[in-house]
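Breakdown of the fold
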Amino acid sequence: MTKETLLQVAYQAAEDKKAEDIVVLNMEGISLLADYFLICSANSDRQVQSIARELMDKAGEAGYEVKSVEGFDAARWVLVDLGDVVAHVFHRDERSYYNLERLWRDAPQLEV
């Protein structure tokens, strides 16, 4: 399975749980952390956790290992490290504050 397939699995998982404003940044050659960042928003703490849980479940079902998860209990910014893809699930109030799209503005956005 490829990293592009993993990206599709992650994107679909976020979309299935009604994540808002899903953005994918191509981090290849820009960051050593991952090849892709998936960034999305949720309207409540519960929805943040639901999206993160779906990302973990769907990745596992597809045969990918979840490397780590940070911030799940606080549910304001959950980072799900899937290796080649790192998903950032933000509570809508936190996303504009951290503004990862601006921080990584050199990374091209992908249409998935």
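Residues numbered from 1 in each chain as written. Predicted model: local features only at pLDDT ≥ 70, side-chain atom pairs only at ≥ 80, totals over all residues. Heavy atoms only, no water.

Per an unreviewed UniProt entry, the chain goes by the name Ribosomal silencing factor RsfS and belongs to Planococcus maritimus. According to the UniProt record, the Function (unreviewed entry) comment for the chain reads "Functions as a ribosomal silencing factor. Interacts with ribosomal protein uL14 (rplN), blocking formation of intersubunit bridge B8. Prevents association of the 30S and 50S ribosomal subunits and the formation of functional ribosomes, thus repressing translation." Turning to the chain, the UniProt record has this under Subcellular location (unreviewed entry): "Cytoplasm". (UniProt positions renumbered as here; feature names shortened; annotations may be inferred.)

1. Examining the packing of aromatic side chains
Under the defined criterion, the tally for this structure stands at 5 aromatic pairs. The rings of Trp77, Phe90, Tyr97 and Tyr98 are connected pair by pair, giving a single aromatic cluster. (Phe/Tyr/Trp six-rings, centres within 6.5 Å; stacked < 30°, edge-to-face > 60°.)

2. A word on the environment of Leu79
By the secondary structure assignment, Leu79 is in strand β4 (residues 77-81). Since its relative accessible area comes to 23%, Leu79 is described here as partly exposed. Leu79 sits 10 residues away from Val69 along the chain, and the two C-alpha atoms are 5.6 Å apart. The residues contacting Leu79, other than those within four sequence positions of it, are Ser68, Val69, Glu70, Val86, Ala87 and His88. (Helix = DSSP H or I, 4+ residues; strand = E, 2+ residues; numbered from the N terminus. Buried < 20%, exposed > 50% of the residue type's maximum accessible area, 1.4 Å probe, protein only. Contact = heavy atoms within 4.5 Å.)

3. Remarks on the nonpolar core
Counting 27 residues, the largest nonpolar core has Leu38, Cys40, Ile51 and Leu55 as its most contacted members. Looking at this core, the elements that each hand over two or more residues are α1 (3-16), β1 (20-26), β2 (36-42), α2 (45-61), β4 and β5 (85-91). Among the elements that take part in this core, α1 stands out by supplying 6 residues, more than any other. Excluding its chain neighbours within four sequence positions, the residues that come into contact with Leu55 are Ala10, Ala13, Ala14, Val80, Ala87 and Val89. Core analysis: the second largest hydrophobic core is formed by 10 residues, Met27, Phe37, Ile39 and Val86 among them. (Core = buried A, V, L, I, M, F, W, Y, C linked by side-chain atoms within 4.5 Å.)

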